[in-house]
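# Structural description and commentary
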Amino acid sequence: MKAQALHGHLDALLLAVLEQGPLHGYAIIEALRSRSDGHLDLPTGTIYPALRRLERAGHVASTWSTVNGRERRTYQLTDAGRGALAGERSGWREFSSTVGRFLDADTPPTTTPA
């Protein structure tokens, strides 16, 4: 799946991954890949700018640590991020329900009487 297909949804996906607990950048990429059965294999050039944007918005906080002699940045969800995630989930349910009325083959179209 291309990053462009996720336009408008990447922030919500990142917040949802971080809901499970703090992770460093590469672990976030791996979590996206794993939870999507490999469909979300996004490059660092997509993920890190989004994490910085979420940090500037106050939805994510980060700390630096040294692991095995390597510096790595760990990200975690803030209270504001939890609120943003709740809003994203609500918006997603409404969006997918509305679009599903058109794209789901099992959903008959509703007609208005003439």
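What comes next concerns the included structure. Note that the structure is predicted; figures quoted are calculated from it, not measured.

Basis of the calculations
Residues numbered from 1 in each chain as written. Predicted model: local features only at pLDDT ≥ 70, side-chain atom pairs only at ≥ 80, totals over all residues. Heavy atoms only, no water. Phe/Tyr/Trp six-rings, centres within 6.5 Å; stacked < 30°, edge-to-face > 60°. Helix = DSSP H or I, 4+ residues; strand = E, 2+ residues; numbered from the N terminus. Buried < 20%, exposed > 50% of the residue type's maximum accessible area, 1.4 Å probe, protein only. Expected span 1.5 Å × (residues − 1). Contact = heavy atoms within 4.5 Å. Salt bridge = Lys/Arg side-chain N within 4 Å of Asp/Glu carboxyl O. Pairing = 2+ DSSP bridges.

### A closer look at the packing of aromatic side chains
For the structure on display, the rule yields one aromatic pair. Seen in terms of ring centroids, tryptophan 92 and phenylalanine 95 are 5.7 Å apart; in terms of plane orientation they differ by 40°. Their pairing is tilted. One end of the pair is tryptophan 92 and the other is phenylalanine 95, both in helix α4 (residues 79-103) and three residues apart, which spans about a single turn. Looking at tryptophan 92, the relative accessible area reads 44%, which means it is partly exposed. Residue classification places phenylalanine 95 among the partly exposed positions, given a relative accessible area of 44%.

### Quick word on α4
Between its terminal C-alpha atoms α4 stretches 35 Å, which fits the 36 Å expected from 25 residues at 1.5 Å a residue. Gly81, Leu85 and Gly100 are the residues of α4 that are buried. Buried residues along α4 sit against α1 (10-18) and β3 (70-77).

### Describing the pattern of salt bridges
According to the stated counting rule, one finds five salt bridges in the structure shown. Taking the shortest distance from any N to any O, the salt bridge between glutamate 30 and arginine 33 comes out at 2.1 Å. Taken together, the residues glutamate 30 and arginine 33, both in helix α2 (residues 25-35) and three residues apart, mark about one turn of the helix. Here glutamate 30 falls in the partly exposed class, since its relative accessible area comes to 28%. Several salt bridges converge on common partners, so that one network encompasses Glu30, Arg33 and Asp41.

### A few points about the sheet that holds β3
Strand order in the open sheet made by the three strands is β1-β3-β2, with antiparallel pairing throughout. With partners counted over all chains shown, the strands left at the sheet margins are β1 (23-24) and β2 (60-67), one partner each. Pairing of β1 with β3, which is carried by two bridges, proceeds in the antiparallel orientation. Its bridge partner being in β3, histidine 24 is matched across the sheet by threonine 74.

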